[in-house]
Amino acid sequence: MPIPLTCTCGRSLRVKEEAAGRKVRCPGCGAVLTVPHLQARKSAEDEALDVLLTEPPAEAPPAAPEPRSTTSDDTTGSAD
Ligand SMILES: [Zn+2]
């Protein structure tokens, strides 16, 4: 799967993915371009997505019951 690469001259190139991280020369203007690690980035993204998709919807922990003793104590008088 070729990696799409755009030269500063505007020319679109396609380089072999095995060239990622290497330098290629633009056939149009002769500029040397560094091929980005497109595949690595993509797989990392995919991985993140995969994690998001496979991770169970975090069981909501039972809401910590508020200490009622305090509350009931409050109602007996001080509030307001
Ligand atoms: Zn170029």
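See the structure above.
Since this is a predicted model, take the numbers as computed values, not measurements.

Another aspect to go through is the overall build of the protein. When you go through the protein residue by residue, the secondary structure sums to two helices and four strands. For the protein, the sequential pattern of α-helices and β-strands runs β-β-β-β-α-α. Counting all 80 residues of the protein, 0% fall into the buried class. Intrachain contacts of the protein at a sequence separation of at least 6 include 13% that bridge at least 24 residues.

With that settled, consider the pairing of strand S1 (residues 3-6). Examined bridge by bridge, S1 and strand S2 (residues 12-15) share four bridges and lie antiparallel to one another. Across the sheet, Pro 4 pairs through a bridge with Arg 14, a residue of S2. What sits between the antiparallel neighbours S1 and S2 is a turn of five residues, in which Gly 10 has the positive phi angle 100°.

For Gly 28, the position within the fold is in the loop between strand S3 (23-25) and strand S4 (32-34). Take Gly 28: there are 12 C-beta atoms within 10 Å of it, and that puts it in the exposed class. Distance in space between the C-alpha atoms of Gly 28 and Cys 9 is 7.7 Å, their sequence separation being 19 residues. Not counting the four nearest positions on each side in its chain, Gly 28 is found in contact with Cys 7, Cys 9 and Arg 11.

Cut-offs used in this document
- Residues numbered from 1 in each chain as written.
- Predicted model: local features only at pLDDT ≥ 70, side-chain atom pairs only at ≥ 80, totals over all residues.
- Helix = DSSP H or I, 4+ residues; strand = E, 2+ residues; numbered from the N terminus.
- Buried ≥ 20, exposed ≤ 12 C-beta atoms within 10 Å, placed from the backbone.
- Contact = placed C-beta atoms within 7 Å.
- Pairing = 2+ DSSP bridges.

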